[in-house]
Amino acid sequence: MDPAILTVPRLEKIPGLVHGFGTRRFGPAELRRVAAGHRAGVALLEQIHSDIVRVIKRPPSGKLTGDALATGTPGLFLAVKTADCLPILIADVKGRAVAAVHAGWRGTALGIAGWAALTLVHEFGLNPAGLVAALGPSVGASCCEVGEDVRRRFTDEDSGEEFFRPRTGRPGKYLFDLAAANAAHLEAAGVRRANIIRDGRCTHCRPEFHSFRRDRDPRRRLYNFIGLVQGPGPVA
Ligand SMILES: [Zn+2]
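Attention here is on the structure that accompanies the text.

Looking only at helix α6 (residues 178-188), the buried set comprises Leu 178, Ala 179, Ala 180, Ala 181, Asn 182, Ala 183 and Leu 186. Positive backbone phi, approximately 110 degrees, marks Gly 190, located one or two places after α6.

What follows is the structure, encoded as structure tokens:
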């Protein structure tokens, strides 16, 4: 059977780090179970397609809005929900701080991935060259049709054209490479290209993932998480 979560070898090597990109078989109950097994709490955001990065030390007591979480505190799993949007998990190679990012096209246009990396750098005194960023499954460039309005949000400045391909036979429509745009923003924030890992699986094409573009059901979300743990290994 396929695993319920996908992990990234580069992140698995980091001491005290636990992470995963969820498939459709990994819901909120499974997330809480994994966290409890590591004596960790779970932090989720009210996601609003913004560029807001929240630095936290404990699970929020009420609703917390934003689209990225960062922490240096062990015992806290940061989680983001996606269904075609791109989940990004970022960690310091020495396991000193982590971040989880929800990047749809709106958050990407605002540069949220770069802000999350810079937040880790400034809040925790880290070198961006020591960050590893994993880009999880999301709608792929062949399945992500957008209009001129979206393209214009990215191409007002000097760059951005490279993330869009005109769609043959569909005037005014483009195929958008969401992961490439976020990778570029991470690199601009100082993350080394070699430390940016792309999963590349398309949520729209592959049935093991939820896809809003395919299913049109806002309740179906993938749960993606990263956290630092300490002390003895997981409890049974
Ligand atoms: Zn696809």
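Let us now look at the packing of aromatic side chains. Counted according to the given criterion, the structure contains six aromatic pairs. Pairing Phe 164 with Tyr 174 gives two aromatic rings, centres 6.5 Å apart and planes at 90 degrees, and the pair type is edge-to-face. Within this pair, whereas Phe 164 is found in strand β11 (residues 164-166), its partner Tyr 174 is found in strand β12 (residues 173-176), the two being separated by 10 residues in sequence. Considered together, Phe 164 and Tyr 174 belong to a single accessibility category, that of buried residues. An aromatic cluster of at least three residues, connected via ring pairs, comprises Phe 154, Phe 164, Tyr 174 and Phe 176.

Let us now look at the sheet that holds strand β2 (residues 17-22). One open sheet holds the five strands; their spatial order is β1-β2-β14-β6-β3, and the pairing between them is mixed. Both edges of this open sheet fall to β1 (5-6) and β3 (41-43), since each of them pairs with a single strand only. With seven bridges joining them, strand β6 (residues 76-82) and strand β14 (residues 222-228) adopt antiparallel strand pairing. Paired with Thr 82 across the two strands is Leu 222, which belongs to β14.

Strand pairing in a sheet takes place through backbone hydrogen bonds and is either antiparallel or parallel in direction. If you walk across this open sheet you meet the three strands as β10-β12-β11, and the pairing is antiparallel. In the strand order of this sheet, the two ends are held by β10 (145-147) and β11, each with one partner. Each neighbouring strand pair of the sheet contributes to a mean axis angle of 45 degrees, computed without reference to strand direction. Here β11 runs beside β12; their pairing, made up of three bridges, is antiparallel. Within the sheet, the bridge partner assigned to Phe 164 lies in β12 and is Phe 176.

Within the protein, Cys 143 (SG), Cys 202 (SG) and Cys 205 (SG) serve as the donor atoms for the zinc ion, at 2.2 Å. Sequence spacing among the residues donating to the zinc ion works out to C-x58-C-x2-C. Taken as a pair, Cys 143 in the loop between β9 (131-135) and β10 and Cys 202 in the loop between β13 (196-198) and α7 (212-215) lie far apart in primary sequence, 59 residues in all.

Cut-off values and rules
Residues numbered from 1 in each chain as written. Predicted model: local features only at pLDDT ≥ 70, side-chain atom pairs only at ≥ 80, totals over all residues. Heavy atoms only, no water. Buried < 20%, exposed > 50% of the residue type's maximum accessible area, 1.4 Å probe, protein only. Helix = DSSP H or I, 4+ residues; strand = E, 2+ residues; numbered from the N terminus. Phe/Tyr/Trp six-rings, centres within 6.5 Å; stacked < 30°, edge-to-face > 60°. Pairing = 2+ DSSP bridges. Axes fitted to C-alpha atoms, helices over the stretch in contact; angles between N-to-C directions. Donors = N, O, S within 2.8 Å, 3.2 Å for Na, K, Ca; no water.

So, to be careful, I would describe these as geometric facts and stop short of saying anything about function.
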